[in-house]
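Here is what each chain is made of, one letter per residue.
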Amino acid sequence: MNVLVITGRKIKITLTRGDIADIGMSSLPASAEDTGRLFRALLPEIKERTGFSPEEGRTLIQLYPTPGGGCELFVTYLRRGRGGEENTPPSASLLFRFPSVGDLLRAAYCVSPHTGAALCRPSFCDGDVYLSLPSGSRAALLLSEFGDIVPETLARYVSPDNSAHTVPISLLAGLYTPPT
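Cut-offs used in this document
- Residues numbered from 1 in each chain as written.
- Predicted model: local features only at pLDDT ≥ 70, side-chain atom pairs only at ≥ 80, totals over all residues.
- Heavy atoms only, no water.
- Helix = DSSP H or I, 4+ residues; strand = E, 2+ residues; numbered from the N terminus.
- Buried < 20%, exposed > 50% of the residue type's maximum accessible area, 1.4 Å probe, protein only.
- Contact = heavy atoms within 4.5 Å.
- Areas by Shrake-Rupley, 256 points an atom, 1.4 Å probe, with all protein chains shown as cover.
- Core = buried A, V, L, I, M, F, W, Y, C linked by side-chain atoms within 4.5 Å.
- Salt bridge = Lys/Arg side-chain N within 4 Å of Asp/Glu carboxyl O.
- Arc of directions from axis to C-beta.
- Pairing = 2+ DSSP bridges.

Caption draft 1: Seen up close, the overall build of the protein chain. Looking only at helices and strands, the protein chain has 6 helices and 9 strands in total. For the protein chain, the proportion of its 180 residues judged to be buried stands at 38%. Put simply, 66% of the contacts in the protein chain that link residues at least 6 apart link residues at least 24 apart. Summed over its atoms, the accessible surface of the protein chain is roughly 10200 Å², and 53% of this surface lies on carbon and sulfur atoms.

Shown next, in the form of structure tokens:
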């Protein structure tokens, strides 16, 4: 098992077929419950290695099979805010930073099928590209895989102007041309 800490709230776990067998599973998890069971079986070792401990909130677990019968698990810990609501940080929106317009468009292309009609507000500052989204949206959660969340203390300095136009994330996705 290989564990990579991506951020303080997100880890990537790489498992081989042998790792899965050592846990007592004969194959990859077939349901969300099985995936949760797999993660809970791994949690003590993960906690010991990294300190990652999502005990007081929910987790989003994404499982991707790998060649050879293994898998990669991406685990995101969703903290609870003051009213019990899940949020990070406790503000109305999250601001994501991307190094280029191409990176932003690629991210929008990848997440738009899963986000419905999510609205976003793109902006530019000091050569970076920023995208503002409501913090509780599925789009914001998925975009955290691609862009860096700007800390709330810095976001006020680069936040898009409230008068800027809001556009559907699918519009940005339509501007991306995937490699062939």
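Caption draft 2: Region of the structure containing the nonpolar core. Core analysis: the largest hydrophobic core is formed by 21 residues, its most contacted members being Phe 98, Leu 131, Leu 133 and Leu 143. Contributions of two or more residues to this core are made by strand S5 (93–98), helix H3 (101–111), strand S7 (128–134), helix H4 (138–143) and helix H6 (169–174). The biggest single contributor to this core is H3, with 5 residues. Once residues within four sequence positions are removed from consideration, Leu 131 is found in contact with Leu 94, Leu 95, Phe 96, Phe 98, Leu 104, Cys 120, Arg 121, Pro 122, Leu 143, Ile 169 and Leu 172. By size, the runner-up hydrophobic cluster in this structure holds 15 residues, among which are Ile 20, Leu 42, Leu 43 and Phe 52.

Caption draft 3: Quick peek at the side chain of Asp 19. Note that Asp 19 resides in helix H1 (residues 17–22). Asp 19 has contacts with Met 1 and Thr 14, leaving out every residue within four places of it along the chain.

Caption draft 4: Quick peek at the pattern of salt bridges. Summed over all chains, the structure comprises 3 salt bridges. One salt bridge connects Asp 34 with Arg 37, and the closest N-O pair in it is separated by 2.4 Å. Here Asp 34 pairs with Arg 37, and both are found in helix H2 (residues 32–50), just 3 residues apart, close to one helical turn. Residue classification places Asp 34 among the partly exposed residues on the basis of a relative accessible area of 22%.

Caption draft 5: Looking closely at H3. Buried residues of H3: Leu 104, Leu 105, Ala 107, Ala 108 and Val 111, and no others. The arc that holds every buried residue of H3, seen down its axis, measures 160°, which confines them to one face.

Caption draft 6: Quick peek at the pairing of strand S2 (residues 10–15). Relative to S2, strand S1 (residues 2–7) runs antiparallel, the two sharing 5 bridges. If you follow Leu 4 over to S2, its bridge partner there is Lys 12. Counting the residues in the hairpin turn of S1 and S2 gives 2 residues.

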